[in-house]
Amino acid sequence: LDLPCFLNFATLYSAKRMYRVTCISCCCWAAGFPSACASLLRDTDDSLVCDDSLIQVAVTKAPTFAVLLTTWNSPDREAMYVARLQWWLKETDLPIFVVDSFGRGFSSNLSTIRSFKQLKFDQNSFISPYSNDLKTPGELLSMKRAWTTFKNDWSKFDYVVKVTGKYVLPELQSEMAKVNKGNSFIVENFSDHPGHGYLRWANTEFLGFNAAHMGDLLLKLAENEGGVLEDKLGQILKTHEYSSQQLSSMIGFNAAHMGDLLLKLAENEGGVLEDKLGQILRTHEYSSYQLSSMMLPSKYW
């Protein structure tokens, strides 16, 4: 039987590290059974090489990245932040860095879960607490001081992803595996101000920076004449001077109750995950907060 040849795209993963592997085959047998490509791959420092001359393999290592959690660890927020930090330490193997601009920091006991690095400083020593606008200067100051403190640690990564410390993102690692190297910014998928135009207002609950140029990018944001951080970032992105890539939608969970929430999703009679989540949210039993590209269900928010 003469079968027409076709292109087949299969995602394969190295046992040592995560790769994005595209098998492109003109061999119909291999295209029909893309998993066969995996046994033909040889791991090298920079790529995987296919030993079968009939199959071409294009390989891209997933970018490496560290997570920077930004916090304002006041006594009334401590329990929330600790629950989130525990989740990041227990449920991921990502390099975790924390900056606390309230100045209290977090207990060293959390390092018994696994090691992480933290920086604490008193924001009020740098910005007047009576200022009309504390949020954007405070965010930029936290990231700048984190960059100054951790830049040597971050030099081995492709990206640093800033996540507001009250969120957990179970899909972040798999979504970042789809990102190309070399972008200046990694941004959220949507904007909660779509009327401003495409990428004109870019939400910053999470925001990825090219690790090698993070200092310069933060300076560019600080110098931009826009108002809040989302506006500043949008003004920079619309110039197309700095390359960027958007992540797909993600679901975020209250870390303290993620197990119960996942069970609730699994038991729901809806079809696909989006349908299950929608049915749960429509009951209003679980409060939620919608951020551009993240839904954060939490019964105890």
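As shown above, the structure is provided for reference.
Residues numbered from 1 in each chain as written. Predicted model: local features only at pLDDT ≥ 70, side-chain atom pairs only at ≥ 80, totals over all residues. Heavy atoms only, no water.

What to know about the pattern of salt bridges
Piece 1. All chains considered together, the criterion is met by five salt bridges.
Piece 2. Note that Glu 139 and Lys 135 form a salt bridge whose closest N and O atoms lie 3.3 Å from each other. Here Lys 135 and Glu 139 lie together in helix H3 (residues 135-154), a separation of four residues that amounts to about one turn.
Piece 3. We note a salt bridge from Glu 230 to Lys 135, for which the minimum N-O separation is 3.7 Å. Remark: Lys 135 occurs in helix H3 and Glu 230 occurs in helix H6 (residues 229-238); sequence separation between them is 95 residues.
Piece 4. Since its relative accessible area comes to 52%, Lys 135 is described here as exposed.
Piece 5. Where salt bridges share partners, they join Lys 135, Glu 139 and Glu 230 into one cluster. (Salt bridge = Lys/Arg side-chain N within 4 Å of Asp/Glu carboxyl O. Helix = DSSP H or I, 4+ residues; strand = E, 2+ residues; numbered from the N terminus. Buried < 20%, exposed > 50% of the residue type's maximum accessible area, 1.4 Å probe, protein only.)

Details of the nonpolar core
Piece 1. By size, the foremost hydrophobic cluster in this structure holds 30 residues, and its most contacted members are Leu 68, Trp 154, Phe 185, Phe 209, Leu 218, Leu 221 and Leu 233.
Piece 2. The set of elements that each furnish at least two residues to this core consists of strand E5 (65-71), strand E6 (96-100), H3, strand E9 (185-187), strand E10 (206-210), helix H5 (214-223) and H6.
Piece 3. In terms of residue count, H3 provides more of this core than any other element does, seven residues in total.
Piece 4. Ignoring sequence-local partners within four residues, the contact set of Leu 233 consists of Phe 185, Val 187, Ala 202, Thr 204, Leu 207 and Leu 221.
Piece 5. By size, the runner-up hydrophobic cluster in this structure holds 26 residues, among which are Leu 69, Tyr 81, Val 98 and Met 176. (Core = buried A, V, L, I, M, F, W, Y, C linked by side-chain atoms within 4.5 Å. Contact = heavy atoms within 4.5 Å.)

No statement about biological role is implied by the geometric values presented.
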